[in-house]
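Structure at a glance
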Amino acid sequence: MLFRSDECVAGGIAETTMEPRVEPLTLAGELKAHPSVVAVNYNLSELRILLSVNDDSRIELQVLFRTPAGFRVLDESDLLEFWENHKHGSDWLYLVHEGGWNDLESSRDGYLSRHQTDLNEYLIVGRNECVSILSYEQPVVLDIGSKRSLLQPGLQAKTARSI
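Residues numbered from 1 in each chain as written. Predicted model: local features only at pLDDT ≥ 70, side-chain atom pairs only at ≥ 80, totals over all residues. Heavy atoms only, no water.

In this structure, strand β4 (residues 36-42) lies alongside strand β5 (residues 46-52), joined through six bridges in antiparallel fashion. Across the sheet, residue A39 finds its bridge partner in β5, namely L50. Here β4 folds back onto β5 in antiparallel fashion, the turn holding three residues, of which L44 has a positive phi close to 75°. (Pairing = 2+ DSSP bridges. Helix = DSSP H or I, 4+ residues; strand = E, 2+ residues; numbered from the N terminus.)

And the structure:
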């Protein structure tokens, strides 16, 4: 299944199909197991997402977005277009280039943010829940136990790919 947007057109419906294209963000240190989203905290100036890796390492991560434009939390089964041709392995944080939530919202006339060229979409893939984030800034990822930063603004993403 691919992203599908139905737009009303005089006399019928126009259908556009867009395959999701994402790039995993490179983190300092790879996780051996996929993290679980355990908390999402929003307070108008920042969005903090807490993740836990339930393997022998017991790693806890915090992903911080300063002044996010929006976010949504969905069960991974509601994002099947992302999983159909993709086995995500240890990757869990993505920059979404097309075919994601921002493109879905952009099909609405009332979505004014579609004109913002500096707005990026990120996707956090948890074991059960997934969080889509619209943000003007790259996230900061911290290993809570060591208080070490795993991703800071300006770091490069891995190679983009369609999934």
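Here the focus is the nonpolar core. I49, L51, V63, F65, W92, I124 and I133 are the most contacted members of the largest nonpolar core, which totals 20 residues. Among the nonpolar cores identified, the runner-up in size contains seven residues, and L79, Y94, V96 and L123 belong to it. (Core = buried A, V, L, I, M, F, W, Y, C linked by side-chain atoms within 4.5 Å. Buried < 20%, exposed > 50% of the residue type's maximum accessible area, 1.4 Å probe, protein only.)

Another aspect to go through is the packing of aromatic side chains. Here the distance between the centres and the angle between the planes together describe a pair of aromatic rings. Tallying each qualifying case throughout the model produces two aromatic pairs. Judged by centre distance (5.3 Å) and plane angle (55°), the rings of Y42 and F71 are tilted. Of the two residues, Y42 sits in strand β4 while F71 sits in strand β7 (residues 70-75), which places them 29 residues apart along the sequence. According to the relative accessible area criterion, Y42 is partly exposed, its value standing at 41%. Its relative accessible area of 29% is what places F71 among the partly exposed residues. Ring centres 5.5 Å apart and planes at 50° place the aromatic pair F65 and Y122 in the tilted group. Of this pair, F65 sits in strand β6 (residues 60-66) while Y122 sits in strand β9 (residues 120-125), and the two are 57 residues apart along the sequence. (Phe/Tyr/Trp six-rings, centres within 6.5 Å; stacked < 30°, edge-to-face > 60°.)

Our focus in this paragraph is the environment of D118. With respect to the helices and strands, D118 occurs in the loop between α2 (101-106) and β9. When sequence neighbours within four positions are dropped, the list of residues in contact with D118 reads S135 and Y136. (Contact = heavy atoms within 4.5 Å.)

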